[in-house]
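# Fold and contact review
Listed below, chain by chain, are the residues.
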Amino acid sequence: MTDTFTGTFTQQEPIPDDAIERAVEIMRSGRLHRYNTGPGETSETALLEQEYAAYMGVDYCLAVTSGGYALTTALRAFGLQPGEAVLTNGFTLAPVPGSIAGAGGHPVLVEVTEDLVIDLDDLRKKIKTSKARVLMLSHMRGHIADMDALMATCNEAGVAVIEDCAHTMGAEWAGVKSGLHGIAACYSTQTYKHMNSGEGGFLVSEDAELMARATILSGSYMLYGRHLASPPEEVFLKIRLETPNCSGRLDNLRAAILRPQLKLLDENCRRWNEQYDAMASELSYVPYVRLPHRPDKEQFVASSFQFNVPTFTPDQIDKLLKTTLARGVELKWFGADEPVAFTSRHDSWTYAGNQSLPKTDEVLSTLIDMRLPLTFSLDDCHLIGRIIRECVLAARN
Ligand SMILES: *Cc1c(COP(=O)(O)O)cnc(C)c1O
């Protein structure tokens, strides 16, 4: 009845052995820089870009130092002007509004629905009032909005969409990979995402000029010809001298760590969803617990788990967090007054100005968040689900 969980919520799986072996070879060679190649040689980073482009089914891919860097670079390559408005989700992680500020823009925050996706009614309103040319769409925690309706809205209004796919690498909307709806998409390979190189990221797009600018921005000097998934030379000739170098290249060591992981990605996505189903089976029928509704078209990857306790008071939530933690289950709450660890709310991004988001505040005030690392077994997930269930019922009484 009072069993506890003893696993660690931040423990990822080890890097695969073949990746470690290749990483050691690269270190022995001393040639870690992506442009440190001999005649006719291709670098590990260029191969990784080629393989990720093939995985996504796109022509162009650029590997960079982080997901946040990919976001900033996408906005710069799009041609964002200083002080320009950029629409984005009010519910997202701090690097998303941070990337907008980093590119010189001004974040305009859009409300979230109770299913944790961007609110399309509020988006339509704010497209009109902000006159923004671009939406930085964050698929926060892997929740994918109705992309058919969203793209229809943005296309009609002439708003470009850049996708933050930090939590949707490997996911799809109606059979189309997440990241292929907008003009560009950004991925993270930071430790807590779907592939792990410590830090790292990708930018993918079918827009040749945007990708040529992004490549020069990333610090390719005049060595862009050594890429395997970049636009043709003539596109670079147009923009290479007017585009600044803002170094953020990926290195061969991280690329070596990532290449074998890409082969495991689809299988790992399936494993995450098995874990999610195990958790959901323990919680979906529990009174006071609301799981976000996920339409059939949303082929999500559940590397984390969210639920609301819509009728709970802050004291009851506090009790829930304390009693679950005492039994080894580490939950995060988006309603806390102070930002804690990775979890922050829009009102702590004060550089964006005070923006009123009553609906988002209401949803976040009872939103609970949990990591699902692949080191958990399905039995672990059932146990965690049961512990949460018992603590929810107890916190209510
Ligand atoms: C992690 C994350 C990012 C940024 O990734 P980094 O590689 O850490 O810069 C962007 N958006 C969301 C939603 C994230 O969770």
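Residues numbered from 1 in each chain as written. Predicted model: local features only at pLDDT ≥ 70, side-chain atom pairs only at ≥ 80, totals over all residues. Heavy atoms only, no water.

Looking now at the site of the ligand. Around the ligand, the surrounding shell holds 16 residues, and the nearest of these are Gly67, Gly68, His167, Ser188 and Lys193. Measuring from an oxygen atom of the ligand, one finds a backbone N or O atom of Gly68 at 2.7 Å. Taking His167, its side chain carries an N or O atom lying 2.7 Å from an oxygen atom of the ligand. Of all the secondary-structure elements, those providing two or more residues to the shell around the ligand are helix H3 (67–78) and helix H4 (95–102). (Near = heavy atom within 4 Å. Polar contact = N/O pair within 3.5 Å; in protein donor to acceptor, adjacent residues only side chain to side chain. Helix = DSSP H or I, 4+ residues; strand = E, 2+ residues; numbered from the N terminus.)

Within the secondary structure, Leu87 is located in strand E2 (residues 85–89). Separated by 46 residues in the primary sequence, Leu87 and Arg133 have C-alpha atoms spaced 8.4 Å apart. Sequence-distant contacts of Leu87, defined by excluding residues within four places in its chain, comprise Val108, Val110, Leu123, Lys126, Ile127, Ser130, Ala132, Val134, Leu135 and Met136. (Contact = heavy atoms within 4.5 Å.)

The backbone phi angle of Lys131 is positive, close to 60°, even though this residue is not glycine. Counting through the fold element by element, Lys131 comes out in the loop between helix H5 (120–130) and strand E4 (134–138). Classification of Lys131 as exposed rests on a relative accessible area of 70%. Even without a glycine there, the phi angle at Tyr221 is positive, about 50°. For Tyr221, the position within the fold is in the loop between helix H7 (208–217) and helix H8 (233–239). (Buried < 20%, exposed > 50% of the residue type's maximum accessible area, 1.4 Å probe, protein only.)

Let's shift gears to the packing of helix H2 (residues 44–56) against helix H9 (residues 252–283). When two helices pack together, their arrangement is given by the angle between the helix axes and the distance between those axes. Between H2 and H9, whose axes approach to 8 Å, the crossing angle comes to 25°. Classified by the interaxial angle, the pair formed by H2 and H9 is roughly parallel. As H2 packs across H9, the resulting crossing turns out to be left-handed. Counting all contacts with H2, which are made through Glu44, Thr45, Leu47, Leu48, Glu51, Tyr52 and Tyr55, the residues of H9 involved are Asn252, Ala255, Ala256, Leu258, Arg259, Leu262, Leu265 and Asp266. Residue composition of the contact of H2 with H9, grouped by class: nine nonpolar, two polar and four charged. (Axes fitted to C-alpha atoms, helices over the stretch in contact; angles between N-to-C directions. Parallel < 35°, antiparallel > 145°, perpendicular 65-115°, else oblique. Left-handed = near helix turned anticlockwise from the far one by under 90°. Nonpolar A, V, L, I, M, F, W, Y, C, P; charged D, E, K, R; others polar.)

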